Amino acid sequence: MNSQLSRRSLLKALGLGLAATTLPGLVRAADTIPNIVVVGGGFAGATVAKYLKMWGGLSVQVTIIEPNSTYVSPILSNLVLNGQKTTDDLSFNYLNHSQKYAINMIHNTVDTVDNVAKSVTLGSGQVISYSKLILAPGIDFDSVPGHDFDKVPHAWKAGVQTNLLKDQIDSMQDGDSFVMTVPKAPYRCPPGPYERACVVADYLKNNKGYTGCTVTVLDANPAITVEAETFAAAFATYGIDYVHSADVISVDSDTKTVTYSVSGAASASMTAETLNVIPNQKAGSIVFAAGLTEGNWAPINPLTYESTKLNSSDVALGLDIHIIGDSQGTGLPKAGHIANSEAKICADAILRALKGLEPDPAPKTNSACYSPISSTTASWLTAVYEYNSTTKLMQPIDVIPNNDVVDKYAAGGPSTENYRAMFNWSGNLFSDTFS
Ligand SMILES: Cc1cc2nc3c(=O)[nH]c(=O)nc-3n(C[C@H](O)[C@H](O)[C@H](O)COP(=O)(O)OP(=O)(O)OC[C@H]3O[C@@H](n4cnc5c(N)ncnc54)[C@H](O)[C@@H]3O)c2cc1C
């Protein structure tokens, strides 16, 4: 057998960069090439893996570890609820990553990180060593007493959950109620919950023709967190009942009842035919398991996305561990577009570090969220952030004195033109991440 071919086939079969104990001679040869392991194949993980190989070529081995063979995009997933998209339309596989970019794909879950031995252990028990580790696991949820996701969907990770919520909405009759909750900020996709309320209200009223249904939004925040005027106007048009400062206390998943407290007052309950509780959020559990969180999120250096978490003796816990996407705790919004942007900065910084070079001292990131408001109109919100070397934070550019992002960075209202642009924007993002 051709020796190059046999080495390549073996590496492929074993997973590049497997623990040195598996095949010492072979892995010693491969060890001269840094092995970068990416945990999670969402907007952050798939992008960083692709760009590491696009920019690093044969100088790096890249492995993605992701349990699912198909990724379902949460972006545009509210359009599944009104039947304009299916979860199949929003599904992406990793064929391009393995074939076009020669990225090693392993479909499994990472259970533990050993930051001393520099290895991860998979659910299968397999141990994989890394030169650099990138954690991109997205979000996990704070638990709410009584909340059973199989009965009361959150639909904040797309796929089965999205279809379950759609089925429940589709079984509603005229006069039924839809109640949803908005998590406390920061959470994934700031405008997303308000967008969902509008899409569902529009669907029940204008598509189903129901005149007696009610839509209620229980928001844990003191006010609509973004595009407040746009959403307040849409809520008024649809007759959506909006309650701010409403903290969820518990859920009865069988009777579809949510118990909540407004501004700390005595608890109240609402029962709905369709109840959609989106719990408060935190970094993916693997980031907690690795000990790399402060509060609910992971502190990182925004020049490299390397963890800055120290142990009690001020020893770096996260050396050579980078955290990107929704799990990072910089204050950057938790959104797919900016996750894609963070991934490129992280890939560039890692490739520079491998050559002994400093990271880009002035990175910029960009976020964009498009929100369907009806079946034909959408709104949008965007922001550009740049590194401030004094505060060492990413800060939005062009802010006005009260620190709001200036108006030119929001649509200011829904339109059909924005609706069309939404598909161009998302098509570009999907393709830049998965193609
Ligand atoms: C309704 C809705 C609308 C949205 N609209 C927009 C929008 O308009 N614009 C925008 O920019 N963003 C939008 N978002 C937000 C966007 O979807 C997320 O911010 C984005 O998916 C975050 O990317 P990520 O890679 O950090 O996490 P994810 O995309 O969730 O990917 C994480 C991946 O990690 C994997 N994983 C987790 N743990 C492990 C483990 N231990 N081992 C291995 N793999 C693991 C998961 O299986 C998953 O595939 C929207 C979200 C929702 C819900």
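Since the model is a prediction, treat every value here as computed from it, not as a measurement. (Residues numbered from 1 in each chain as written. Predicted model: local features only at pLDDT ≥ 70, side-chain atom pairs only at ≥ 80, totals over all residues. Heavy atoms only, no water.)

### Regarding the sheet that holds strand β8 (residues 127-129)
Argument step 1. As summarised here, the arrangement of the three strands in space is β6-β7-β8, forming an open sheet in which the pairing is antiparallel. Either end of the sheet is taken by a strand with one partner, and the two such strands are β6 (110-114) and β8. Shown here is a sheet whose adjacent strand axes are inclined to one another by a mean of 25°, direction ignored.
Argument step 2. Sheet topology note: the β6/strand β7 (residues 119-122) ladder contains four bridges and is antiparallel. Bridge pairing in β7 places D114 opposite S119. (Pairing = 2+ DSSP bridges. Helix = DSSP H or I, 4+ residues; strand = E, 2+ residues; numbered from the N terminus. Axes fitted to C-alpha atoms, helices over the stretch in contact; angles between N-to-C directions.)

### Details of the packing of aromatic side chains
Argument step 1. Here the structure, examined in full by the defined rule, presents 14 aromatic pairs.
Argument step 2. Each ring, one from Y370 and one from W425, has its centre 5.2 Å from the other, and the planes form 35°; the classification is tilted. Placement of the pair is Y370 in strand β22 (residues 364-372) and W425 in helix α11 (residues 416-434), with a sequence separation of 55 residues.
Argument step 3. You can call W425 buried: its relative accessible area is 14%.
Argument step 4. Through a chain of ring-to-ring contacts, three or more aromatic side chains come together here, namely F43, Y71, F92, Y94, F430 and F434.
Argument step 5. The lysine or arginine in question, K282, covers the ring of F288, its NZ or CZ lying 5.7 Å from the ring centre. (Phe/Tyr/Trp six-rings, centres within 6.5 Å; stacked < 30°, edge-to-face > 60°. Buried < 20%, exposed > 50% of the residue type's maximum accessible area, 1.4 Å probe, protein only. Lys NZ or Arg CZ within 6 Å of the ring centre and 35° of its normal.)

### Quick look at the site of the ligand
Argument step 1. With respect to spatial proximity, 35 residues lie near the ligand, and among them A44, E66, Y71, R188 and H337 are the closest.
Argument step 2. Take Y71: an N or O atom from its side chain is 2.5 Å from an oxygen atom of the ligand.
Argument step 3. In this structure, an oxygen atom belonging to the ligand sits 3.2 Å away from a main-chain N or O atom of Y370.
Argument step 4. A total of 1,000 Å² of accessible area belongs to the ligand in isolation, and the protein chains cover 93% of it.
Argument step 5. Residue assignment for the shell around the ligand shows that the elements contributing at least two residues are α3 (43-56), α10 (336-354) and β22. (Near = heavy atom within 4 Å. Polar contact = N/O pair within 3.5 Å; in protein donor to acceptor, adjacent residues only side chain to side chain. Areas by Shrake-Rupley, 256 points an atom, 1.4 Å probe, with all protein chains shown as cover.)

### Some details on the side chain of N221
Argument step 1. Relative to the elements of secondary structure, N221 occurs in the loop between β12 (214-219) and α8 (228-238).
Argument step 2. Given the relative accessible area of 5%, N221 is considered buried.
Argument step 3. A polar contact of 2.9 Å, which involves the side chain of N221, links it to the backbone oxygen of P183.
Argument step 4. Here the side chain of N221 touches A185 through a polar contact of 2.9 Å, landing on its backbone nitrogen.
Argument step 5. With sequence-adjacent residues up to four places away left out, N221 is seen in contact with V182, P183, K184, A185, Y187, Y194, Y242, H244 and S245. (Contact = heavy atoms within 4.5 Å.)

### Considering the pairing of strand β11 (residues 177-182)
Argument step 1. Among the six residues in β11, six count as buried, and that is most of the element.
Argument step 2. Neither face of β11 is open: one carries S177, V179 and T181, the other F178, M180 and V182, and all of them are buried.
Argument step 3. The β-α-β motif built from β11, the intervening helix α7 (residues 192-207) and the parallel element β12 has right-handed crossover chirality.
Argument step 4. As paired elements, β11 and strand β17 (residues 274-277) share four bridges and run parallel to each other. Residue pairing for β17: F178 is matched across the bridge by T274. (Right-handed = clockwise from strand over helix to strand, strands pointing away.)

### A closer look at the sheet that holds β11
Paired through backbone hydrogen bonds, the strands of a sheet run either parallel or antiparallel to each other.
Argument step 1. Within the open sheet, the four strands sit side by side as β13-β12-β11-β17. Their pairing is parallel. Strands with a single pairing partner mark the edges of an open sheet, and in this sheet they are β13 (241-243) and β17. This sheet shows a mean twist of 10° between the axes of neighbouring strands, independent of strand direction.
Argument step 2. Strand direction decides the pairing type here: β11 and β12, joined by six bridges, are parallel. Opposite M180, over in β12, you have V217 as the bridge partner.
Argument step 3. Lying on the sheet, helix α6 (residues 160-170) is in contact with β11 and β17; it crosses β17 at an angle near 150°.

### A few points about unusual backbone geometry
Argument step 1. Geometrically, the link from A185 to P186 is a cis peptide bond, its omega value of 0° lying close to zero.
Argument step 2. Its identity is not glycine, yet E227 carries a phi of approximately 45°, on the positive side.
Argument step 3. Among the secondary structure elements, E227 is positioned in the loop between β12 and α8.
Argument step 4. The buried category is assigned to E227, whose relative accessible area is 10%.

### Notes on the nonpolar core
Argument step 1. Within the largest apolar cluster, 107 residues are counted, with the highest numbers of intra-cluster contacts made by V48, L52, V120, L133, I134, F235 and I324.
Argument step 2. At eight residues, the largest contribution of residues to this core is made by α10.
Argument step 3. Those residues in contact with L52 that lie beyond four places of it in its chain are I36, G57, V60, V62, I134, A347, I350 and L351.
Argument step 4. By size, the runner-up hydrophobic cluster in this structure holds twelve residues, among which are V152, V243, V258 and Y260. (Core = buried A, V, L, I, M, F, W, Y, C linked by side-chain atoms within 4.5 Å.)

### Description of the environment of P222
Argument step 1. Position of P222 relative to the elements: it lies in the loop between β12 and α8.
Argument step 2. Note on P222: relative accessible area 63%, which makes it exposed.
Argument step 3. When the C-alpha atoms of P222 and K184 are compared, they prove to be 9.2 Å apart, with 38 residues separating the residues in sequence.
Argument step 4. Those residues within four positions of P222 in sequence are excluded, and the remaining contacts are H244 and S245.

### What about the pairing of β22?
Argument step 1. Within β22, seven of the nine residues are buried, leaving the element largely enclosed by the surrounding structure.
Argument step 2. Judged from the nine bridges that link them, β22 and strand β23 (residues 378-388) form a sheet pairing that is antiparallel. For K364, the partnering residue across the bridge sits in β23 and is E386.

### Points about α11
Argument step 1. For α11, with 19 residues, the first-to-last C-alpha span of 27 Å sits near the 27 Å given by 1.5 Å per residue.
Argument step 2. Where α11 begins, one side-chain oxygen reaches toward the backbone nitrogen of E417, 3.4 Å away; that side chain belongs to S415. (Expected span 1.5 Å × (residues − 1).)

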